[in-house]
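Residue-level listing of the chains:
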Amino acid sequence: MLRLACLAALLAAFASPVHSQNEDSVVVNATRFPEDVRRLPASVTVITPDDIANSAARTLPELLSEQVGIAMKDFYGNNAAVTSIDMRGFGISGGQNTLILLDGRRITDADLSSVQWSSFPLAGIERIEILRGVGAVLYGDGATSGVINIVTRSPLKQGAALEAFGRIATYNTREGQLYGAYTSGNLGINASIYGLTSDGYRANNRNEQQNNTANLRWALGDTTLDVRLGTDRQDLGLPGARRIQPSIGLNEYAADPRGAQTPQDYASRDGSRAGATLAHALGDTELSLGLDWRNKQLRSLFVQQFRAQGDSMTMLSLTPRARMPFQLGGFDHRLTIGADWYSWSFDSRRDVAVENLGQPLNRIQATQKNQAFYFQDLIELSSATRLDLGWRSERVRYAATDTLDTTAPGFACPFPPFCPAAAGTARDTQSQDAWDLGLRHAFMRGVTGFARAGRSYRFVNIDELYDFDPFGNPQFQILQPQHAQTYEAGIEWRARGHFLRAGLFRTDVTNEIHLDPFTAGIGNTNLPPSRRQGLELDSAWQATASLRLTARYAYTDARFVQGALPGGPFAIGTSLDIAGKYVPLVPQHKLNAGFVWDAGGGSRLTGSLMAVSSQYMDNDEPNTLGVKIPRTVVADVKYAHGFSWGRVSLSVNNLFNQSYYSYAIRSPFVGDRYAVYPLPGRTIGLSAEFKM
């Protein structure tokens, strides 16, 4: 650890683009109401429009992975089509423990599908707010490691504008966006159209993406109304993995890393969303009422598994809240109170062929309804000290049914009793509480410290309710809620454009919800207790007026504290000891470094480097495979030149053409077999932006 920490300091000259949280005041909205980031007792990062423009990142997950403590698991490297984000070491379940928001509203769905990152192109984003270890009180389920809030461009901030963006890149990639905005008095509207086509690095990985957005904001006196609309569509080829098994001389990764194991598999998605927020100021009291609706239609075909699937999910939410300043006990208080109502409806049709989904063999229907109440009080103990305390109570109700249609075209039972079956019904109600206590103190000008402790939780989601026993029979099982206790402390220093933050954290997790591939019966289970702890260093240095450097380093120790996985008759063993073992897919060391250099005359050169240590593969909880995902070092560079009409940029990603992968999975049945998902080699892209 010490050697890598020293290396981080030596490589500061390659630091990634700095975020503007180093300026005098930055306001974030992920706290339900706007708050000055300098006053929050937490580790907070704000990625600004300049940071986005400077970065060579092509997608949101790539941009986020430049930040301290955030890792990206990418299956294909094709516009973040199947990608998840992990903050503070949760591995494969990172996407269920890091809550993603869009303009302060939850977009992490109640299933295992990853966030549709490509439906939020970088060109349409105002900023990104990252709050580590914060969010369980204000947002509840799934915010154990923190919250990431994507803030889109406001209609009232743009005035009249017309912008066009186009990009061509390796692997026959074509990308474009048209954006327009108009404001007249107190009424503003903006809209965008985005499209992408790319063959991808792998065979059978063509990606076609199309998104539309429209936003309206009306401000009249103390009242503001925001209306948001959006649609997205994606068609994606799924090439599968490259399999490796040394005992039989199998190595598809070495023989043909770009090949496809599943040349006919595919997935498609149609999504739509609509929402409105009404805000009103009543004296010093701020009131807000949010109403949101979201729907997605998913279709997929897995030929080798003889499985076709059509899923529909609909979400409806109502989120009233208020913030009230007052004085009590000689201190200034700012109290936020609110309630959240979420209703999820899930309908899944499953058969052996796509043409049968109109009358499928199995139809799974489920509902999940969440109700919560919360409060958070920010107390000014003095001009230098702020106390944050909060509490939340949430209840969730599940209802699910699985029906079998024996008259369906795909029904067949050639080998009784191994015939299609149904899981029947399931119902349950669960409750959990979260609390938060934080303190921030300014020791002297430019030096502040913070400490916090809190409890968070995660409920089982709809996908995790349903699985199969060893004989292929479907089952429902509603697992116990996961809960965690987090403790962290940090210190920050800022002076004349320089910035340094150091933080320590520890999270103790109980009943972690996870897939157990080794145990007979249903695959999802509550794991034995585990612990995540680590060190996070974030720094920036204004070397000259034209050169800015930063370095970011994270040490993450994620282990199981005790316990064993029972295993089963078809697994690689029984009573698999995991006490003291490392959590898969969590690198212990991660270093980000880069630079931003204004070369003069409208030219800017940026570079970034990411070094990630080796990590255990998915499914290798016992740490016994003997092979790990290798360490990787990837560098990106970008040159941009500005003109009166816009900007032209040339980017090179994976500059040194490294062969690597960020996700691999161990077979639960064959001792030395595993599969990897290769990522693209060197990629060159040329883009142009026009602004009027």
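This text follows the structure it describes.
The rules behind the values
- Along each chain, residues carry numbers from 1 onward, in the same order as the chain's sequence is written.
- Only residues with pLDDT of 70 or above have their local features reported here, since the model is predicted, and side-chain atom pairs are shown and tallied only from 80 upward, although totals for entire chains, interfaces and linings are computed over all residues.
- Calculation of side-chain values draws on the structure's entire complement of heavy atoms; hydrogens and water are dropped beforehand.
- Helix and strand labels come from DSSP, where a helix needs a run of H or I of at least four residues and a strand needs a run of E of at least two; each type is numbered from the N terminus.
- Radius of gyration here is computed from C-alpha atoms only, and the compact-globule reference equals 2.2 Å multiplied by the residue count raised to the power 0.38.
- Burial classification: accessible surface area is computed with a 1.4 Å probe over protein chains only, and a residue below 20% of its type maximum counts as buried, one above 50% as exposed, and the rest as partly exposed.
- Any two residues having at least one pair of non-hydrogen atoms within 4.5 Å are treated as being in contact.
- Note on charges: Lys and Arg go in the positive column, Asp and Glu in the negative column, and His and the chain ends are not counted at all.
- Taken as the charge centre is NZ of Lys, CZ of Arg, CG of Asp or CD of Glu, depending on the residue.
- For this analysis, a ring pair means two rings from Phe, Tyr or Trp (six-membered ring only for Trp) whose centres lie within 6.5 Å, classed as stacked if their planes differ by under 30 degrees, edge-to-face if by over 60, and tilted for the remaining angles.
- Strand pairing is assigned whenever DSSP detects at least two bridges linking the two strands.
- What we call a nonpolar core is a set of buried Ala, Val, Leu, Ile, Met, Phe, Trp, Tyr and Cys residues that are connected through their side-chain atoms within 4.5 Å.
- Cysteine sulfur pairs qualify as disulfides if the two atoms are within 2.5 Å.
- One side-chain nitrogen of Lys or Arg within 4 Å of one carboxyl oxygen of Asp or Glu is enough to make a salt bridge.
- Think of a 1 Å grid over just the protein atoms. A cavity is a set of points where a 1.4 Å probe fits yet cannot get out, a pocket is an open set with protein on both sides within 12 Å along at least five of seven lines, and lining residues have an atom within 4 Å of a point.
- Grid points are joined across faces, edges and corners, and a volume is the space filled by probe spheres set on the points.
- In this scheme, patches are assembled from residues that exceed 30% relative accessible area and form no salt bridge. Like charges are connected within 9 Å, while nonpolar side chains (Val, Leu, Ile, Met, Phe, Trp, Tyr) are connected within 5 Å.
- Accessible areas in this description were obtained via Shrake-Rupley with a 1.4 Å probe; residue shielding takes into account the shown protein chains only.

Chemist: Quick rundown of the overall build of the protein? Include the residues and the values.
Modeler: Broken down by element type, the protein carries 7 helices and 41 strands. Taking 2.2 N^0.38 as the reference for a compact globule, 692 residues should give roughly 26 Å; the C-alpha atoms of the protein span a radius of gyration of 25 Å, in line with that estimate. Each of the three principal axes of the protein carries a C-alpha extent, and together these read 75 × 55 × 50 Å. By residue count, 55% of the 692 residues in the protein fall in the buried class. Here the analysis covers contacts within the protein between residues at least 6 apart in sequence; of these, 67% occur between residues at least 24 apart. A distance of 3 Å separates the average location of the 66 positive side-chain charges in the protein from that of its 66 negative side-chain charges.

Chemist: Talk me through the packing of aromatic side chains; I want residue IDs and the actual numbers.
Modeler: Inspection of every chain in the model, using the stated rule, returns 14 aromatic pairs. Here Tyr-582 and Tyr-616 contribute two aromatic rings whose centre-to-centre distance is 6.0 Å and whose plane-to-plane angle is 15 degrees, an arrangement assigned as stacked. Note that Tyr-582 is positioned in the loop between strand S34 (574–577) and strand S35 (589–600) and Tyr-616 in the loop between strand S36 (603–612) and strand S37 (632–643), a separation of 34 residues in sequence. Ring-pair connections join several aromatic residues into one group, and the members of that group are Phe-75, Tyr-76, Tyr-663 and Tyr-677.

Chemist: An account of unusual backbone geometry is requested, with residue identities and associated values reported.
Modeler: At Asn-79, a residue that is not glycine, the phi angle is positive and equals roughly 60 degrees. The residue Asn-79 is located in the loop between strand S4 (70–74) and strand S5 (83–87) in this model.

Chemist: Account for the sheet that holds strand S9 (residues 146–152), with residues named and values stated.
Modeler: Spatial strand order, S3-S8-S9-S6-S7: 5 strands in an open sheet with mixed pairing. Edge positions in the open sheet fall to strand S3 (43–47) and strand S7 (105–106), since each of these has one partner strand only. One ladder, built from 2 bridges, connects strand S6 (residues 98–102) with S7; its direction is antiparallel. Residue pairing across strands places Leu-101 opposite Arg-106, the latter belonging to S7.

Chemist: Kindly report on the nonpolar core, identifying the contributing residues and their values.
Modeler: One finds Val-44, Val-147, Trp-344, Tyr-398 and Phe-476 to be the most contacted residues of the largest nonpolar core, which totals 43 residues. Listed by contribution, the elements that provide at least two residues to this core are S3, S6, helix H5 (136–139), strand S19 (307–328), strand S20 (331–351), strand S21 (362–380), strand S22 (385–404) and strand S23 (424–444). Looking at which element gives the most residues to this core, the answer is H5, with 4 residues. Counting 23 residues, the second-largest nonpolar core is a separate cluster that includes Ile-47, Leu-102, Ile-148 and Ile-150.

Chemist: Pulling in residues and values, what's your account of the state of the cysteines?
Modeler: Tallied over the entire structure, the rule returns 1 disulfide. Each sulfur of the disulfide joining Cys-413 and Cys-419 lies 1.4 Å from the other. Look at Cys-419 and you get partly exposed, because its relative accessible area is 23%.

Chemist: Help me get a handle on the pattern of salt bridges, residues and values and all.
Modeler: Summed over all chains, the structure comprises 46 salt bridges. Where Glu-394 meets Arg-392, a salt bridge forms, and the shortest distance between an N and an O atom there is 3.3 Å. Residues joined in a network through salt bridges with shared partners are Glu-35, Arg-39, Glu-286, Arg-323, Arg-334, Glu-380 and Arg-386.

Chemist: Tell me about the sheet that holds strand S40 (residues 674–676), and name the residues and values.
Modeler: Across the sheet, 4 strands lie side by side as S16-S15-S40-S39; this open sheet has antiparallel pairing. The two strands at the open ends of the sheet, each matched to only one other strand, are strand S16 (250–251) and strand S39 (664–666). With 3 bridges connecting them, strand S15 (residues 242–245) and S40 associate as antiparallel partners. Across the sheet, the residue bridging to Ile-244 is Tyr-674, located in S40.

Chemist: How would you summarise empty space enclosed by the protein if you had to cite specific residues and measurements?
Modeler: On inspection of all chains with the given rule, the structure shows 10 cavities of 30 Å³ or more. The calculated volume of the largest cavity comes to roughly 730 Å³. For the largest cavity, the lining is made up of 48 residues, of which Arg-58, Glu-62, Met-72, Asp-74 and Tyr-660 are closest to its centre. Per-element accounting of the lining of the largest cavity gives the leading share, 5 residues, to S4. If you add up the space inside the second largest cavity, you get close to 210 Å³. Forming the walls of the second largest cavity are 24 residues, and the residues nearest its centre are Arg-106, Thr-108, Asp-109, Ala-110 and Asp-141. Listing elements by their share of the lining of the second largest cavity, those giving two or more residues are helix H4 (94–97), S6, S20, S21 and S22.

Chemist: Mind laying out a nonpolar patch on the surface, listing which residues take part and the relevant values?
Modeler: A cluster of nonpolar side chains, namely Leu-278, Leu-289, Leu-291, Trp-293, Leu-316, Leu-318 and Trp-341, defines an oily patch on the protein surface of about 620 Å² accessible area. Only strand S18 (285–302) and S19 provide two or more residues apiece to the nonpolar patch. Counting residues per element, the nonpolar patch draws most heavily on S18, which supplies 3 residues. The exposure class assigned to Leu-289 is partly exposed, which follows from its relative accessible area of 38%.

Chemist: Break down the pairing of strand S32 (residues 547–560) for me, citing the residues and quoting the values.
Modeler: Along S32, 12 of the 14 residues are buried, which leaves the element largely enclosed by surrounding structure. Bridge count between strand S31 (residues 530–542) and S32: 13 bridges; the pairing is antiparallel. Its bridge partner lying in S32, Arg-532 is registered against Ala-558. Between the end of S31 and the start of S32, which pair antiparallel, lie 4 residues.

Chemist: An account of the side chain of Ser-649 is needed here, citing residue identities and associated values.
Modeler: Positionally, Ser-649 belongs in strand S38 (residues 646–653). Judged by relative accessible area, which is 1%, Ser-649 ranks as buried. Those residues in contact with Ser-649 that lie beyond four places of it in its chain are Lys-638, Tyr-639, Ala-640, Gly-685, Leu-686 and Ser-687.

Chemist: Which residues make up the environment of Leu-138, and what values do they have?
Modeler: With respect to the secondary-structure elements, Leu-138 resides in helix H5. On the basis of relative accessible area, Leu-138 is assigned to the buried category, the value being 5%. When the C-alpha positions of Leu-138 and Arg-228 are compared, they lie 22 Å apart, and in sequence the two are 90 residues distant. Once residues within four sequence positions are removed from consideration, Leu-138 is found in contact with Ala-30, Thr-31, Arg-32, Asp-340, Tyr-374, Gln-376 and Arg-392.

Chemist: An account of the pairing of S6 is requested, with residue identities and associated values reported.
Modeler: Two faces make up the sheet, and in a regular strand the side chains alternate between them. In terms of residue burial, S6 counts as a mostly covered element, since 5 of its 5 residues are buried. The two faces of S6 match: Thr-98, Ile-100 and Leu-102 on one face and Leu-99 and Leu-101 on the other face are all buried. Judged from the 5 bridges that link them, S6 and S9 form a sheet pairing that is parallel. The partner of Thr-98 across the bridge, within S9, is Gly-146.

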